[in-house]
Amino acid sequence: MAVDTTTRKISRMDRLYEDEGGFDFVGRSKTWYTIAGVLLIASILAIAIRGFTLSLDFEGGTKLSMPAGDLTTEQIEETFTEATGIEPELVQIVGAGSSETLEVTSERLSAEEVNQARQAIFEKFQVEDENGTPSPDAIGSSTVSESWGSSITQRMIIAMLVFFVVATIYVAVRLQRDMAFAAILALIFDGVFIAGIYALFGFEVSPAVIIGLLTVLTFSLYDSVIVFDKVDENTTGLEGQRSKTYSELTNLAINQTVMRSISTSVISALPIIALFIVAIWLMGIGTLRDLALIQFIGVIEGIFSSIFFATTLLVTLANKRKSVKKHNEAVAAYRAEGSRVSDASGEKPLRTVASPAAAAQPRTEESGGASWRPGR
């Protein structure tokens, strides 16, 4: 029986599935630093120039809400201003279909001013309740005092500080010094970048956003720890071998975990997208909308942070250690010696070393070779 000896090229994606280092992530450190630097500067400028759009819970004020129906924001804004003598800060329609709700946000109004606004809007537009019956009760109102908003703000700041302190203690105990430092810097980058997104696009910051932010920061830290665990596994006994440098072993660790990190992020994003659709298009629930938006942004951003930025920082910090520098020199000398022996004898050295760049070159295997990748 004839044996099929046909060979085929193995793609870089195949190498990722088979943990063989298909991409040189670490070798593109300048690219990742440039991207991170641009994003960081843009975020800081957005925060400094535009500031944040804080919700009623933080700033205090009054909000009126009613079924949108055929109402327009211009009509309600004009009527509200005529009734109270105060221009609203925000008039918007949220939700979709039968769940469309028109919201009016303004500075804190007295009970009398709230009643005047509700009565004026009802008399002019005959707002209907959920049963289709015109009723003043269809126009809801909520008021938050400035002192309450200040109290909520203080509690949110305390929650953020406690989170960073606990996270710092955890990674300091859990990881090596360089890994812990890189993880914390990446975590700070996450927070600043996400805050910059909210400042740049004017997304409203509510307590739900802060809760969601703490959640996605935890996810990002978890991804970094997963990658760093693999780095630690690969670099154990580093000085006892001369085949690969710390950078190359770190790059291998990224390749071995990148598909898991991306798959986890994609799977996490699916229910968040579903929640986002339900919150905005079907129910118009502000809390769900805020929670879904911050988590979606964080999950996507966390891929860059944990895979590209945190590990690049780790390699930069590790390469400054004397022991790692000495080992890099030993690896270089070993490879140079192997090259000289090969040139002198005309034979391949007994022991060869594949760099990340070499690992990216096409290789072949027999078509009958087994692989665990789905669909093969």
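Residues numbered from 1 in each chain as written. Predicted model: local features only at pLDDT ≥ 70, side-chain atom pairs only at ≥ 80, totals over all residues. Heavy atoms only, no water.

1. Description of the layout of surface pockets
Argument step 1. In this structure, the largest pocket occupies an estimated 500 Å³ of space.
Argument step 2. Of all the elements in the fold, those that place two or more residues in the lining of the largest pocket are helix 6 (146-174), helix 7 (177-201) and helix 8 (207-235).
Argument step 3. The greatest single-element share of the lining of the largest pocket, amounting to seven residues, is contributed by helix 7.
Argument step 4. Class assignment of the residues belonging to the lining of the largest pocket gives a composition of 19 nonpolar, two polar and no charged.
Argument step 5. Looking at the second largest pocket, its volume works out to about 330 Å³. (1 Å grid on protein atoms, 1.4 Å probe; cavity = no way out; pocket = protein on both sides within 12 Å on 5 of 7 lines; lining within 4 Å. Points joined across faces, edges and corners; volume = space filled by probe spheres on them. Helix = DSSP H or I, 4+ residues; strand = E, 2+ residues; numbered from the N terminus. Nonpolar A, V, L, I, M, F, W, Y, C, P; charged D, E, K, R; others polar.)

2. Some thoughts on the nonpolar core
Argument step 1. By size, the foremost hydrophobic cluster in this structure holds 57 residues, and its most contacted members are Leu-175, Tyr-198, Phe-228 and Tyr-246.
Argument step 2. Taken together, the elements giving at least two residues each to this core come down to helix 2 (29-50), helix 6, helix 7, helix 8, helix 9 (246-283) and helix 10 (286-318).
Argument step 3. Leaving out residues up to four positions away in the same chain, Tyr-246 has contacts with Met-179, Val-231, Thr-235, Leu-238, Leu-314, Ala-318, Val-324 and Asn-328.
Argument step 4. One finds Val-91, Val-104, Leu-109 and Phe-125 within the second-largest nonpolar core, a separate group that totals 19 residues. (Core = buried A, V, L, I, M, F, W, Y, C linked by side-chain atoms within 4.5 Å. Buried < 20%, exposed > 50% of the residue type's maximum accessible area, 1.4 Å probe, protein only. Contact = heavy atoms within 4.5 Å.)

3. Thoughts on the pairing of strand 5 (residues 101-106)
Argument step 1. For strand 5, a buried count of five out of six residues is recorded, marking the element as mostly surrounded by other parts of the structure.
Argument step 2. As judged from the six bridges shared by strand 3 (residues 61-67) and strand 5, these two strands associate in the antiparallel manner. The residue of strand 5 that forms the bridge with Pro-67 is Thr-101.
Argument step 3. For strand 4 (residues 90-94) and strand 5, the ladder comprises five bridges, and the chain directions are antiparallel. Bridged to Leu-90 within strand 5 is Thr-105. (Pairing = 2+ DSSP bridges.)

4. Here's the deal with the UniProt feature "transmembrane region" (unreviewed entry) in the chain
Argument step 1. When the UniProt feature table is mapped to this numbering, "transmembrane region" (unreviewed entry) covers residues 32-52, 152-173, 180-201, 207-228, 266-286 and 292-317.
Argument step 2. Along residues 32-52, the helical share is 90% and the strand share 0%, with 27 Å between the first and last C-alpha atoms.
Argument step 3. Annotated as residues 180-201, this span is 100% helix and 0% strand, and its ends, taken at the C-alpha atoms, are 32 Å apart. (UniProt positions renumbered as here; feature names shortened; annotations may be inferred.)

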